[in-house]
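Here is what each chain is made of, one letter per residue.
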Amino acid sequence: MSYENTSRAPKLPARYAAFVMPLFLSIVMTFVVSAISTLKSLGLNAAFLATWPTAWGLSWLVAFPTLLLVLPVVRWLVGLVVESPARR
């Protein structure tokens, strides 16, 4: 008898990881950075609440394709300065 949790949502195949990771990373990073930048410029007021979603959306539209392009280069650079894990 199997006790698998059948209520879990299905997962994407592993081949999509190269797109999903930059998607999540770009969402989180632009969310935080645009909030801090907008907050510093406008303060915490109605103008912040009106401006920040647009700033976030615009920054995400730039960040996601940029991450898709630069992540292979970043992985290569990391490989130059970090030892590979030991193989067993």
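This text follows the structure it describes.
For every chain, the first residue of the written sequence is number 1, and numbering continues from 1 along that sequence. Totals for whole chains, interfaces and linings use every residue, but because this is a predicted model, local features are given only for residues with pLDDT of at least 70 and side-chain atom pairs only at 80 or more, for both listing and counting. By convention in this description, side-chain values take in all heavy atoms of the structure and omit both hydrogens and water.

## Quick look at a nonpolar patch on the surface
Formally: Within this analysis, patches are made of residues with over 30% relative accessible area and no salt bridge. Like charges are joined at 9 Å or less; nonpolar side chains (Val, Leu, Ile, Met, Phe, Trp, Tyr) at 5 Å or less. Accessibility throughout is a Shrake-Rupley quantity obtained with a 1.4 Å probe, and a residue counts as covered only by protein chains that appear here. By salt bridge we mean one thing: a side-chain nitrogen of Lys or Arg within 4 Å of a carboxyl oxygen of Asp or Glu. For helices the rule is a DSSP run of H or I covering at least 4 residues; for strands it is a run of E covering at least 2, with both sets numbered from the N terminus onward.
Residues Leu69, Val70, Val73, Val74, Trp76, Leu77, Val78, Leu80, Val81 and Val82 make up a contiguous nonpolar surface patch of about 980 Å² in total accessible area. For Val78, the position within the fold is in helix α2 (residues 46-81).

## Points about the packing of helix α1 (residues 17-42) against α2
Heads up, the rule is: Interaxial angles span 0 to 180 degrees and are taken between N-to-C directions of axes, which are lines fitted to C-alpha atoms, for helices over the stretch in contact. Orientation is classified from the angle alone, with under 35 degrees giving roughly parallel, over 145 giving roughly antiparallel, 65 to 115 giving roughly perpendicular, and any other angle giving oblique. Left-handed is the label given to a crossing in which the near helix is rotated counterclockwise from the far helix by less than a right angle, and right-handed is the label when the rotation is clockwise. Asp, Glu, Lys and Arg are counted as charged, while Ala, Val, Leu, Ile, Met, Phe, Trp, Tyr, Cys and Pro are counted as nonpolar; the rest, among them Gly, fall into the polar class.
The geometry of α1 relative to α2 is characterised by a closest axis approach of 6 Å and an angle of 140 degrees between their N-to-C directions. With respect to α2, the element α1 is oriented oblique. For the element pair α1 and α2, the recorded crossing hand is right-handed. In the contact of α1 with α2, the residues fall into 22 nonpolar, six polar and one charged.

## Here we look at the packing of aromatic side chains
So the rule is basically this: By convention, a stacked pair of Phe, Tyr or Trp rings (six-membered ring in the case of Trp) has centres within 6.5 Å and planes under 30 degrees apart, an edge-to-face pair has planes over 60 apart, and any other such pair is tilted. For every residue, the accessible area obtained with a 1.4 Å probe (protein chains only) is divided by the maximum for its type, and the residue is called buried under 20%, exposed over 50%, and partly exposed between those limits.
Counted under the stated rule, the structure contains five aromatic pairs. Seen from their ring centres, Phe31 and Trp52 are 4.9 Å apart, and the 70 degrees between their planes marks the pair as edge-to-face. One end of the pair, Phe31, is in helix α1; the other, Trp52, is in helix α2, with 21 residues separating them in the sequence. What makes Phe31 partly exposed here is its relative accessible area of 39%. Its relative accessible area of 17% is what places Trp52 among the buried residues. Relative to Phe64, the ring of Trp60 lies with its centre 5.5 Å away and its plane at 5 degrees, an arrangement referred to as stacked. In this pair, Trp60 and Phe64 are both assigned in helix α2, four residues apart and thus about one turn of the helix distant.

## Describing α1
Where we set the bar: Between the first and last residue of a helix there are one fewer steps than residues, each counted as 1.5 Å, and that sum is the expected span.
The end-to-end C-alpha distance of α1, which contains 26 residues, comes to 37 Å, matching closely the 38 Å that a straight helix rising 1.5 Å per residue would cover. Directly after α1, the chain includes Gly43, whose backbone phi takes a positive value near 80 degrees.

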